[in-house]
Amino acid sequence: ADTLSALYRETDSDGTEIHRLEARGGVVIASPERTAFGDRAIYDLDRAIAVMYGRNLRLVTKNDTITASDSLEYWERRRIAVARGNAVAIRRDRRIRADVLEVFFTEKKAGALEAVRMNAVGNVVITTPQEVAQAREGVYNAKNVIATLSGDVKITKGETQLNGAVAEVNLNT
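Anyway, here's the lowdown on the structure attached to this text. (Residues numbered from 1 in each chain as written. Predicted model: local features only at pLDDT ≥ 70, side-chain atom pairs only at ≥ 80, totals over all residues. Heavy atoms only, no water.)

## Comments concerning the overall build of the protein chain
Our working definition: Helix and strand definitions here come from DSSP, where helices need a minimum of 4 consecutive H or I residues and strands a minimum of 2 consecutive E residues; each element is numbered from the N-terminal end. Partly exposed describes any residue whose relative accessible area lies between the buried limit of under 20% and the exposed limit of over 50%, with all areas from a 1.4 Å probe on protein chains only and scaled to the type maximum. In what follows, a contact means two residues having at least one pair of non-hydrogen atoms within 4.5 Å.
Helices and strands together make up the secondary structure of the protein chain, namely zero helices and 13 strands. The helix and strand sequence of the protein chain, counted from the amino end, reads β-β-β-β-β-β-β-β-β-β-β-β-β. Projected onto its principal axes, the C-alpha positions of the protein chain cover 70 × 30 × 25 Å. Out of the 173 residues in the protein chain, the part that is buried amounts to 38%. Long-range contacts, defined as pairs at least 24 residues apart, comprise 28% of the intrachain contacts of the protein chain with a sequence gap of at least 6.

What follows is the structure in structure tokens.
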């Protein structure tokens, strides 16, 4: 970052320790398995939670890219990312967009992270090269490539549209 500030606190052993980091300007948080980008970030060392703000917010892993317009959180111990505001998750030719996306990761070989589940809330739109599915809420299981959608569901493929309250969609077939 352009500016990095460390906040200290006193410890029981008459010393000090960093408990919070704040970064401003061109923020990049990188590890071997993921990289996050934003304009401003706060990292709580006690809870191992990073929250980023600004323009062009994104979290990039080997297989997935997650973007947001309002904020992007990463809960390191729980391996959860929360994208708020026009949140989008992209994997190859598939996209999931919602007002809020919760992305649950699992650790693969050599520490690489892979998204295994996504909870989408508000104005959900899932796109593949063949179809567009819309709903108020959705849960996407990346392991079996199934999306369960609820609330004003519309699934469009070509000139065909299915409407309903709830739908289970296999994004492969």
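So that's the structure; there's more coming.
## Topic: unusual backbone geometry
At Arg79, a position not held by glycine, the phi torsion is positive, near 55 degrees. In this structure, Arg79 sits in the loop between β7 (71-75) and β8 (80-91). Arg79 gets classed as partly exposed once you look at its relative accessible area, which sits at 30%. In the Ramachandran plot, Asn123 falls in the positive-phi region, its phi being about 50 degrees despite a non-glycine side chain. Tracing the backbone shows Asn123 in strand β10 (residues 113-127). Since its relative accessible area comes to 47%, Asn123 is described here as partly exposed.

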